[in-house]
Amino acid sequence: MVREARQEDLKGILELYLCLHESSIPEDSERLSRTWRQIMEDENHHLIVNEVAGRILSSCVCVVIPNLTRNIRPYALVENVVTHRDFRGRGLASECLEYAKGIALRSGCYKLMLLTGSREKGTLDFYTRAGYNNTDKTAFIQWLHKEGAGEENFAYP
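What this report covers is the structure whose coordinates are included nearby.

On the surface, a cluster of nonpolar side chains totalling about 350 Å² of accessible area is made up of Leu 115, Ile 141 and Trp 143. Looking at the secondary structure, you find Ile 141 in the segment after α4 (121–129). Judged by its relative accessible area of 53%, Ile 141 is exposed.

This is the structure we're talking about:
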């Protein structure tokens, strides 16, 4: 069942993120609680999960961004697309992406963007089949902070 995350889903989502690029689950802290609360309360931040038999097996994030161009229409960004490694190839992530597309359409977005760090042909083909292309825009990323590289000197808000 595809749906938006609920307050009680944090643990399941953090466990799923171990299949994304995380190496550990963050410790329970005020920073984690504050961030989770901020995500849950932000009407433009949609954390989408696909739950099977009570277990979160796939997820993505869709953020709707207000915009002053394109006739004052917002756009949406999809990030953190992940499916548990033991359940890939079953359409779970496709269902999450379709749900995100529905949010973007209902929000009046003029485009839906997705970034991936993957260079794997299968992953890129998956996004193409989901309706995304990699020819209309060029993405540039500037990393402001890499985890583990002087994190103690980084000032978190």
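Here the narrative resumes, following the displayed structure.
Along the chain, Ile 48 turns up in strand β2 (residues 45–52). Ile 48 gets classed as buried once you look at its relative accessible area, which sits at 0%. Expressed as a C-alpha distance, the spacing of Ile 48 and Leu 112, which sit 64 residues apart in the sequence, is 15 Å. When residues no more than four places from it in sequence are discounted, the contact partners of Ile 48 are Val 2, Arg 3, Glu 4, Ser 58, Ser 59, Cys 60, Cys 62, Cys 96, Tyr 99, Ala 100 and Ile 103.

It is worth spelling out the pattern of salt bridges at this point. According to the stated counting rule, one finds six salt bridges in the structure shown. Here Glu 51 ties to Arg 3 by a salt bridge, and the two come within 3.3 Å at their closest N and O atoms. Pair noted here: Glu 51 is in strand β2 and Arg 3 is in strand β1 (residues 2–4), with a separation of 48 residues, a long-range link. The pair Glu 51 / Arg 3 is uniform in exposure class, with both members buried. A salt bridge links Lys 121 to Asp 125, with the shortest nitrogen-to-oxygen separation between them at 2.7 Å. Placement of the pair is Lys 121 and Asp 125 together in helix α4, with a separation of four residues, close to one helical turn. Exposure remark for Lys 121: the relative accessible area of 59% places this residue in the exposed category.

What counts and what doesn't
Residues numbered from 1 in each chain as written. Predicted model: local features only at pLDDT ≥ 70, side-chain atom pairs only at ≥ 80, totals over all residues. Heavy atoms only, no water. Patch = residues over 30% accessible without salt bridge, like charges linked within 9 Å, V, L, I, M, F, W, Y side chains within 5 Å. Areas by Shrake-Rupley, 256 points an atom, 1.4 Å probe, with all protein chains shown as cover. Salt bridge = Lys/Arg side-chain N within 4 Å of Asp/Glu carboxyl O. Helix = DSSP H or I, 4+ residues; strand = E, 2+ residues; numbered from the N terminus. Buried < 20%, exposed > 50% of the residue type's maximum accessible area, 1.4 Å probe, protein only. Contact = heavy atoms within 4.5 Å.

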